[in-house]
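Examination of the molecular architecture
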Amino acid sequence: MTTWRESLVRAGGLLAVVAVIAWAWAGTEFELAKLMHGLPRIGAFLDRMVPPDVSIWRTVLIATLETLQIPILGTAFGAVVSILLGLAAASNLTPIWVHQPVKAVLGILRGVPVILLALLFVSSVGLGPFPGVLPVAVHSTGMLGKFYSESFENAGRGPMEALQTTGADWWQIVRFAVLPQIAPDLARDTLFRFEMNLRESLVLGLVGAGGIGFYIHMYTRSFHYEKVATLTLVVLTMVVTIEQISVYLRNRLS
């Protein structure tokens, strides 16, 4: 039976949530009336995108391939480095003076916004897909390194202790006792990160890092909205397709 103390705590928690939402509402100047007033402008913007201009199919093809290449290469680089850093960051595999600094490095890597990394690399190596790969790889390393290290830490102790009694070294324990247990988890985490990287690569193009986002930004600035519509439809199709493939593969690995 619920006591008056528990009821009071729940009521206080509910009031706190309502207060935070109200604070956010006021701070963002959220107004439904302003949104309703702006709906005709949204309709006018969408009207300028009809019909889509399919004459830019060559540009669409090049941009689509770039948009796929950026997350593929960025995720691959990030996954390779994350395996090494994830092993070093696992508290059950390394001493505290190793895994604590590595965890801190991974936190820094994933804490820097991807868009800031993109601006940094665009300013240093120029425009194009290459500076798009670099921020994706760096941020993927921070996130995947964290996920991988947690998977390593959740590996069962039984197989590891069994190999230790036979005199196996550290790498043999990792290779034959840890990795076989968590390989499906590593694959699922990598596929999920690839989905995120695909979406981020679309945004990175807005700052000159190649891909479809770059062309969307270019055509928007030149008021070629019918071309933007074509690229937008390609983006939606690509994202939905990749997501369905990724979900299927993750289910197969479960």
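One can find the structure itself at the top, above this paragraph.
Residues numbered from 1 in each chain as written. Predicted model: local features only at pLDDT ≥ 70, side-chain atom pairs only at ≥ 80, totals over all residues. Heavy atoms only, no water.

1. Topic: the packing of helix α3 (residues 57–89) against helix α4 (residues 96–111)
When two helices pack together, their arrangement is given by the angle between the helix axes and by the axis-to-axis distance. As a packed pair, α3 and α4 sit with axes 7 Å apart at the nearest point and diverge in direction by 135°. Put simply, α3 runs oblique to α4. Residues Leu85, Ala88 and Ala89 of α3 form the contact with α4, whose own contacting residues are Val98, His99, Val102, Lys103 and Leu106. Across the contact of α3 with α4, the residue classes tally to six nonpolar, one polar and one charged. (Axes fitted to C-alpha atoms, helices over the stretch in contact; angles between N-to-C directions. Helix = DSSP H or I, 4+ residues; strand = E, 2+ residues; numbered from the N terminus. Parallel < 35°, antiparallel > 145°, perpendicular 65-115°, else oblique. Contact = heavy atoms within 4.5 Å. Nonpolar A, V, L, I, M, F, W, Y, C, P; charged D, E, K, R; others polar.)

2. As for helix α9 (residues 212–221)
For α9, the full list of buried residues reads Ile212, Gly213, Tyr215 and Tyr219. Relative to the axis of α9, the buried residues are bounded by an arc of 160° and lie together on one face. Looking at the residues trailing α9, positive phi occurs at Phe223, about 65°. (Buried < 20%, exposed > 50% of the residue type's maximum accessible area, 1.4 Å probe, protein only. Arc of directions from axis to C-beta.)

3. So, the packing of aromatic side chains
Applying the stated criterion across every chain yields a total of four aromatic pairs. Residues Phe45 and Tyr225 carry aromatic rings whose centres are separated by 5.0 Å and whose planes lie at 70° to one another, so their mutual orientation is edge-to-face. Of this pair, Phe45 sits in helix α2 (residues 32–47) while Tyr225 sits in helix α10 (residues 225–253), placing them 180 residues apart in sequence. According to the relative accessible area criterion, Tyr225 is buried, its value standing at 10%. When the ring of Phe223 is compared with that of Tyr225, the centres are 6.2 Å apart and the planes differ by 65°; the resulting orientation is edge-to-face. A relative accessible area of 59% means that Phe223 is categorised as exposed. In this structure an aromatic cluster arises from ring pairing among Phe45, Phe223 and Tyr225. For the cation-ring pair, Arg175 lies above Phe176, with the distance from its terminal atom to the ring centre recorded as 5.0 Å. (Phe/Tyr/Trp six-rings, centres within 6.5 Å; stacked < 30°, edge-to-face > 60°. Lys NZ or Arg CZ within 6 Å of the ring centre and 35° of its normal.)

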